[in-house]
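# Chains, contacts and geometry: an overview
Given next are the chains, with one letter for each unit.
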Amino acid sequence: MLDVLGDWRRTNFCGELRAADADREVVLMGWVHRRRDHGQLIFIDLRDRSGISQVVFHGDRAPEAHKKAEGLRGEYVVAVRGRVVPREKPNPQIPTGEVEVLATELRLLNTAQPVPFQVEDEVTASEETRLRFRYIDLRRPKLQRNLALRHKVVFEMRRALDEMGFYEIETPVLARPTPEGARDFLVPSRVHHGQFYALPQSPQIFKQILMISGLERYFQIARCFRDEDLRADRQLEFTQLDLEMSFPVQDLIFETIERVLERVWKALGLPISVPFRRMEYRDALERYGSDKPDLRFGMELQNATPFFETARETLKLQGSVRAVVAPGAASFSRKQIDEIVELAKSHGAAGVYTVKVTAEGASSSIEKTIGAEGLGAMVKSLGAKAGDLIVAVSAREERKDYDPALLIAGQLRLALADRLKLIPQGRWEFTWLTGFPLFEWSETEKRWVSAQHPFTGIIEEDLGKLESEPWAVRSKGYDLVLNGVELGSGSIRIHQQEVQARLFRMLGLSDEQARHRFGFFLDALTYGTPPHGGIALGLDRMVALLAGEKSIREVIAFPKTTAAQDLMADAPSTVDPEQIDDLGLRIKES
């Protein structure tokens with residue numbers, strides 16, 4: 001028979017007890033983590049979100065409590081009253097290991113059926129099983145630590161922004177569908193049949209409206225929704241720190257974010273250096289082959305094109321040849337090198353050329369094509385030393401907007417550093433990237449599209465190229481990158497209506513289409529819009545990095561699977577025909 005909690009009040013969390021608490025009377029509450037029956041002595045590990053305390057039931061001293069403890073099983077919910085005493089055999093593996101609680105009373109508050117997997121940091125259960133029984137999974141100390149970390153991050157962000165004069169303002173969740181970016185989640189209106197709201201992909205337009213409204217400094221821990229394919233770092237619904245400022249220069253936004261993140265990292269005992277380093281987009285591509293470079297290690301890319309000029313026709317080269325020097329990789333086996341070659345080809349390489357550098361000299365099949373002298377000159381120019389491996393790549397095509405060979409070499413840089421264990425852990429390398437192209441070419445649509453969103457400001461000196469050389473136009477956008485992961489993206493916005501109208505036309509929107517989609521916003525721009533700008537940081541990604549997790553699902557309480565399902569709540573699901581009828585909809589058979 002179950003007991004009631006009654007007037008009992010918890011005096012301590014299980015993980016709080018220490019040697020200084022000896023002889024204190026305490027009341028603990030939690031879940032039975034483990035039970036060991038030694039006859040007259042029954043030991044249980046009692047667990048709550050703070051940790052574990054050992055509780056002892058003594059048959060002679062507290063026979064009634066001991067009798068009840070005989071029926072305890074894993075994950076039963078109990079309350080225990082007792083006295084803290086030193087343990088005869090301390091357990092240095094847990095913070096409470098110097099003491100235990102000698103129980104005098106036990107209240108059984110609830111039972112539990114056998115759980116599908118153990119409540120431990122490491123489990124063998126599949127992710128599908130874990131997500132189906134998420135309420136059990138969330139009891140695991142690892143996930144509880146992750147969610148506590150997430151709380152701490154958000155708490156410190158709010159404190160820092162409040163001190164800098166920002167207002168936390170909520171923007172609508174039911175909004176107008178947007179024509180750009182990922183697919184919207186549509187919400188049919190019951191009152192207005194045939195019309196739809198959309199869940200926001202971001203608060204972008206609303207936060208710009210707040211700047212037009214004179215609020216000047218806004219932030220929000222914003223929930224955003226995108227109906228797109230999922231990956232380890234993506235969910236249908238996600239959370240971001242969203243902020244906007246009036247009358248900013250780019251440096252002011254950078255300094256604001258640096259102060260926020262310095263505050264967060266310091267609160268977690270992880271000091272970082274500010275200001276963060278800065279890098280131009282094209283410089284990042286040239287040196288690291290990526291617009292989100294991991295700067296925790298070197299191995300910068302190098303231009304090997306001059307050494308292949310005499311063999312351009314023979315090798316049917318398109319564009320440049322980019323190389324990376326991998327220190328100590330000359331010892332790679334033939335199989336390992338073949339794996340690197342196949343990786344390069346999977347990223348679009350037309351040619352992959354490897355050179356082993358030893359004390360005896362350089363050896364490579366490319367020597368037949370560029371000659372021994374050319375090979376030696378390349379090795380010397382690239383700074384390769386004995387024991388190093390050079391991997392050079394060419395692409396299948398040339399492009400105006402970027403050099404594909406750089407991106408391929410950038411992927412090889414990361415793969416080689418990972419194989420050689422050159423990426424230091426526990427190091428935080430933040431970088432601001434600026435000077436992004438305003439447009440990118442869409443192969444599917446055969447037109448120039450926004451590289452960011454269509455409200456991103458334009459570098460003034462590039463405005464004259466907007467219609468004639470769109471690939472050469474730079475935006476006032478910027479990204480914040482941490483350890484090779486894009487943490488956030490933002491920009492100084494367009495605040496003049498005529499510039500916004502030109503950009504819409506460049507994107508293929510007629511004045512009529514632009515007014516249909518953004519009419520209220522275009523009208524607002526005519527009522528004294530101040531210069532403004534902002535940024536959004538991915539909270540899920542940030543916490544995953546801080547927690548050392550590869551997937552953001554490990555730092556979200558109730559994530560979706562890669563098949564876009566909530567296995568625990570069985571969503572999405574069908575609804576009653578009456579609800580469909582109320583909305584004026586009809587389900588089309590697939």
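Residues numbered from 1 in each chain as written. Predicted model: local features only at pLDDT ≥ 70, side-chain atom pairs only at ≥ 80, totals over all residues. Heavy atoms only, no water.

Another aspect to go through is the nonpolar core. Ranked by internal contacts, the top residues of the largest apolar core, which has 40 residues, are Val153, Met157, Leu261, Trp265, Phe430, Leu480 and Met542. At seven residues, helix H6 (residues 250-267) tops the list of elements feeding residues into this core. Not counting residues up to four positions away in its chain, the partners in contact with leucine 261 are Met157, Ile272, Phe276, Phe430, Leu480, Leu487, Leu537 and Met542. Tyr281, Val341, Leu389 and Ala405 belong to the second-largest nonpolar core, a separate cluster that totals 34 residues. (Core = buried A, V, L, I, M, F, W, Y, C linked by side-chain atoms within 4.5 Å. Buried < 20%, exposed > 50% of the residue type's maximum accessible area, 1.4 Å probe, protein only. Helix = DSSP H or I, 4+ residues; strand = E, 2+ residues; numbered from the N terminus. Contact = heavy atoms within 4.5 Å.)

Omega for the bond connecting valine 274 with proline 275 falls within 30 degrees of zero, at 0°, which places this linkage in the cis form. Relative to the elements of secondary structure, proline 275 occurs in the loop between H6 and strand E11 (277-280). Alanine 571 connects to proline 572 through a cis peptide bond whose omega is 5°. Inspection of the secondary structure assignment puts proline 572 in the loop between helix H14 (539-547) and helix H15 (577-582). Even without being a glycine, lysine 316 presents a positive backbone phi close to 55°. Topologically, lysine 316 is positioned in the loop between helix H8 (312-315) and strand E13 (318-326). The exposed category is assigned to lysine 316, whose relative accessible area is 69%. Not every positive phi belongs to a glycine, and aspartate 570 is a case in point at roughly 55°. With respect to the secondary-structure elements, aspartate 570 resides in the loop between H14 and H15. A relative accessible area of 56% places aspartate 570 in the exposed class.

This brings us to the sheet that holds strand E14 (residues 349-358). Spatially, the five strands line up as an open sheet ordered E12-E13-E16-E14-E15, and their pairing is antiparallel. A strand with exactly one partner marks an edge of an open sheet, and here the two such strands are strand E12 (302-303) and strand E15 (361-363). Here helix H9 (residues 334-346) sits on the sheet and contacts E14 and strand E16 (389-395); the angle it forms with E14, its principal contact strand, is near 150°. On the sheet, helix H11 (residues 404-419) packs against E13, E14 and E16 and is oriented at approximately 150° with respect to E16. (Pairing = 2+ DSSP bridges. Axes fitted to C-alpha atoms, helices over the stretch in contact; angles between N-to-C directions.)

Axis separation between helix H12 (residues 497-506) and helix H13 (residues 511-525) bottoms out at 11 Å; the angle between their running directions is 160°. On the basis of their axis angle, the class for H12 and H13 is roughly antiparallel. In the crossing of H12 with H13, the sense of the turn from one axis to the other is right-handed. Seen from H12, the contacting residues are Gln497, Gln500, Phe504 and Arg505; seen from H13, they are Asp511, Ala514, Arg515, Phe518, Phe521, Leu522 and Leu525. Class assignment for the residues of the contact of H12 with H13 results in six nonpolar, two polar and three charged. (Parallel < 35°, antiparallel > 145°, perpendicular 65-115°, else oblique. Left-handed = near helix turned anticlockwise from the far one by under 90°. Nonpolar A, V, L, I, M, F, W, Y, C, P; charged D, E, K, R; others polar.)

When two helices pack together, their arrangement is captured by the angle between the axes and the distance separating the axes. Interhelical geometry of helix H5 (residues 204-212) versus H13 gives an angle of 25° and a closest axis separation of 10 Å. In terms of their interaxial angle, H5 and H13 are classed as roughly parallel. The chirality of how H5 crosses H13 is left-handed. Judged by residue contacts, Ile205, Gln208, Ile209 and Ile212 of H5 engage Phe518, Phe520, Phe521, Ala524 and Leu525 from H13. Each residue belonging to the contact of H5 with H13 can be placed in one class, and the counts come to eight nonpolar, one polar and no charged.

On to H5. With seven of nine residues buried, H5 lies mostly within the body of the structure. Among the residues of H5, those classed as buried are Gln204, Ile205, Lys207, Gln208, Leu210, Met211 and Ile212. Residues of H5 that are buried make contact with strand E9 (217-225), strand E10 (237-246), H13 and strand E22 (532-538).

A few words on the packing of aromatic side chains. To describe a pair of aromatic rings, one takes the distance between the centres and the angle between the planes. All told, the structure shown has 15 aromatic pairs when counted by the stated rule. Seen in terms of ring centroids, tryptophan 265 and tryptophan 428 are 5.6 Å apart; in terms of plane orientation they differ by 80°. Their pairing is edge-to-face. One end of the pair, tryptophan 265, is in helix H6; the other, tryptophan 428, is in the loop between H11 and strand E17 (430-434), with 163 residues separating them in the sequence. Here the aromatic rings of phenylalanine 455 and phenylalanine 521 are separated by 5.2 Å at their centres, their planes lie at 75°, and the arrangement is edge-to-face. Here phenylalanine 455 is found in the loop between strand E19 (447-450) and strand E20 (477-482), whereas its partner phenylalanine 521 is found in helix H13, with 66 residues between them in sequence. Note on accessibility: phenylalanine 455 and phenylalanine 521 belong to one class, buried. Here a set of aromatic residues connected by ring pairs shows up, and it is made of Trp265, Phe276, Trp428 and Phe430. One cation-aromatic arrangement involves arginine 81 over tryptophan 8; the distance from NZ or CZ to the ring centre is 4.6 Å. The ring centre of phenylalanine 297 lies 3.9 Å from the NZ or CZ of arginine 413, which sits over that ring. (Phe/Tyr/Trp six-rings, centres within 6.5 Å; stacked < 30°, edge-to-face > 60°. Lys NZ or Arg CZ within 6 Å of the ring centre and 35° of its normal.)

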